[in-house]
Amino acid sequence: MTTYAVIITNYNYQSFVVEAIESVLRQKRAANQIIVIDDGSTDASRQVLQDKFGADSRINLVFSENGGQLAAFQRGMSLVTSTITCFLDADDRWGPDYLEQIAHVYDQRPDVGFIFSDIILFGNEQAHLRFAPRMVDLGYTAISTYALTYWYGAPTSALSMRSAVAAWALNLPDGLARTWRLSADNCLVYGASLQGARKCYVPTGQVEYRIHGKNGWWSQRGDTEIYLNRLRSRGLIGHYARVAGLDDSCLELAKLEYKTKPAPDWSETRRYMEVCWRDRTSIFKKVERSLSIVKLYFRAKQRAKR
């Protein structure tokens, strides 16, 4: 039986953290572990957590010095004994069917190593953000991520993965750990791709992402921040590639990676054609590989019509 751990990270969200935890306790598919990491909050979070959940045996409360989101993830992972690890920010919440919906995939598909979901914005903004209108088996994404820095993922509260995948992604040297002190969901998303986890997008309609004006990345989006984030992401992906033993020679495998996707859309097809053109080979080979990917796309479309 697949087992599920939930890591909730909190920093100065005394107004929201109880609601986040209670949303996990209300899950129809119960979590085997609920690990709450308070990352050195300076508000009343510690007292609120102790008063509300200190005697609840279902919840493991951990109070630590402030180290940032990545350090909180790492502390939480050190306590995980479950098969799957799910992440939830303390200012977000889940609908009661979230774990049940992703568990349906993990329980039936041992080959799937990473699932991300859609998110529903609430609070200061309202929107429903989707990767696709339906479930998508993305297959493997290491080469596309390595070549294009493509982000096959979602914000923290919509991420789950095999615990071994999460542990690998969070095992970073000190220099990179300092760089990714915040926005550590990038480490989970990119690390899972480069580690070789098969990814699926599963729209659940159950992940509610609160916009309140103090969201770390969401409230600081601008040209400079986007540029720096992508620059640092390139360095992070380079680190994962070195650990995994990948270099530019892997680009010749783009067609094989593309074939792991049962029903790729045209955007994904164009991405893999671009990867083919980044390979250091002859023009003939680049054209040949690109055309073969287009042929695979149309074959998949034909299969879907049958």
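Nothing here was measured: the structure is a model prediction, and the numbers come from that model.

Conventions we followed
Sequence positions are assigned chain by chain, starting from 1 and proceeding in written order. Whole-chain, interface and lining totals are the exception, using all residues; otherwise, since this is a predicted model, local features are given only for residues with pLDDT of at least 70 and side-chain atom pairs are given and counted only at 80 or more. Excluding hydrogens and water, the side-chain values take into account all heavy atoms of the structure. Each helix is a run of H or I in the DSSP string that is no shorter than four residues. Each strand is a run of E no shorter than two, and both are numbered from the N terminus. We take the radius of gyration over the C-alpha atoms and set the globule estimate at 2.2 Å times the residue count to the 0.38 power. Exposure categories follow from relative accessible area, calculated using a 1.4 Å probe and restricted to protein chains: below 20% of the type maximum is buried, above 50% is exposed, and the middle band is partly exposed. Whenever two N or O atoms come within 3.5 Å, that pair is a polar contact, provided that in protein one can donate a hydrogen and the other can accept it, and provided that, for residues adjacent in sequence, both atoms are side-chain atoms. Only heavy atoms matter for contacts: two residues are in contact if any of them lie within 4.5 Å across the pair. Two strands are said to pair when DSSP picks up at least two bridges between them. Any two cysteine sulfur atoms within 2.5 Å of one another count as a disulfide. Two distance rules govern patches: like charges are joined within 9 Å, and nonpolar side chains (Val, Leu, Ile, Met, Phe, Trp, Tyr) within 5 Å, applied only to residues with over 30% relative accessible area and no salt bridge. The Shrake-Rupley method, run with a 1.4 Å probe sphere, supplies the accessible areas, and residue values consider only the shown protein chains as cover. By convention in these notes, a salt bridge is any Lys or Arg side-chain nitrogen within 4 Å of a carboxyl oxygen on Asp or Glu. His is not counted, nor are the chain ends; Lys and Arg add positive charge and Asp and Glu add negative charge. Charge positions are represented by NZ for Lys, CZ for Arg, CG for Asp and CD for Glu. Axis angles are defined between N-to-C directions and span 0 to 180 degrees, where every axis is a line fitted to C-alpha atoms and, for a helix, only to the segment in contact.

**Q** I'm lost on the overall build of the protein in this one. Help?
**A** Tallying secondary structure elements over the protein gives 12 helices and 12 strands in all. The globule rule puts the C-alpha radius of gyration for 306 residues at 19 Å, and the 20 Å found for the protein is close to it. Principal axes of the C-alpha set define a box for the protein whose edges measure 70 × 45 × 35 Å. The proportion of buried residues among the 306 residues of the protein is 53%.

**Q** Honestly, the side chain of Arg271 in this entry has me stumped. Any pointers?
**A** With respect to the secondary-structure elements, Arg271 resides in helix H11 (residues 266–278). According to the relative accessible area criterion, Arg271 is buried, its value standing at 14%. Here Glu268 takes part through its side chain, which lies 2.8 Å from a polar atom of the side chain of Arg271. In this structure, Arg271 is in contact with Ser144, Leu148, Tyr150 and Tyr152, ignoring residues within four places of it in sequence.

**Q** Even after reading the chapter, I still don't get the sheet that holds strand S7 (residues 119–123), so can you show me in this structure?
**A** Strands belonging to one sheet form pairs held by backbone hydrogen bonds; the direction of such a pair is parallel or antiparallel. On the basis of which strands lie adjacent, the open sheet formed by four strands has the order S5-S12-S7-S8 and mixed pairing. Among the strands making up the open sheet, the edge pair consists of strand S5 (93–94) and strand S8 (127–129). By the bridge criterion, two bridges tie S5 to strand S12 (residues 207–211) in an arrangement that is antiparallel. Directly across from Trp94, in S12, lies its bridge partner Val207.

**Q** Hey, could you run me through the state of the cysteines in this one?
**A** When the sulfur atoms of two cysteines share a covalent bond, that bond is a disulfide. Following the criterion strictly, the structure yields zero disulfides and no others. Among the cysteines around Cys86, which has no disulfide bond, Cys200 carries the closest sulfur, lying 14 Å off. Note on Cys86: relative accessible area 0%, which makes it buried. Cys200 sits in the buried class, given a relative accessible area of 0%.

**Q** Before we go on, may I ask you to explain a positive patch on the surface in this structure?
**A** The grouping of Lys255, Lys259, Lys295, Arg299, Arg303 and Arg306 at the surface amounts to a positive patch. Counting residues per element, the positive patch draws most heavily on helix H12 (residues 283–305), at three residues.

**Q** How do you make sense of the sheet that holds strand S2 (residues 33–39) when you look at a structure like this?
**A** Taken in spatial order, the eight strands of this open sheet run S3-S2-S1-S4-S10-S6-S11-S9, and their pairing is mixed. Where the open sheet ends on each side, the last strands, each with one partner, are strand S3 (59–64) and strand S9 (136–139). Going across the sheet, the axis of each strand differs from the next one's by a mean of 20 degrees, ignoring polarity. Across six bridges, strand S1 (residues 4–10) lies against strand S4 (residues 84–89) in parallel orientation. Bridge pairing in S4 places Ile7 opposite Phe87. Those strands touched by helix H3 (residues 69–77) are S1, S2, S3 and S4, and its axis lies near 145 degrees from that of S2. Helix-sheet contacts for helix H8 (residues 185–195) involve S4, strand S6 (112–116), strand S10 (159–162) and strand S11 (198–201), and the interaxial angle to S10 is about 40 degrees.

On their own, these measurements won't tell you what the molecule is for.
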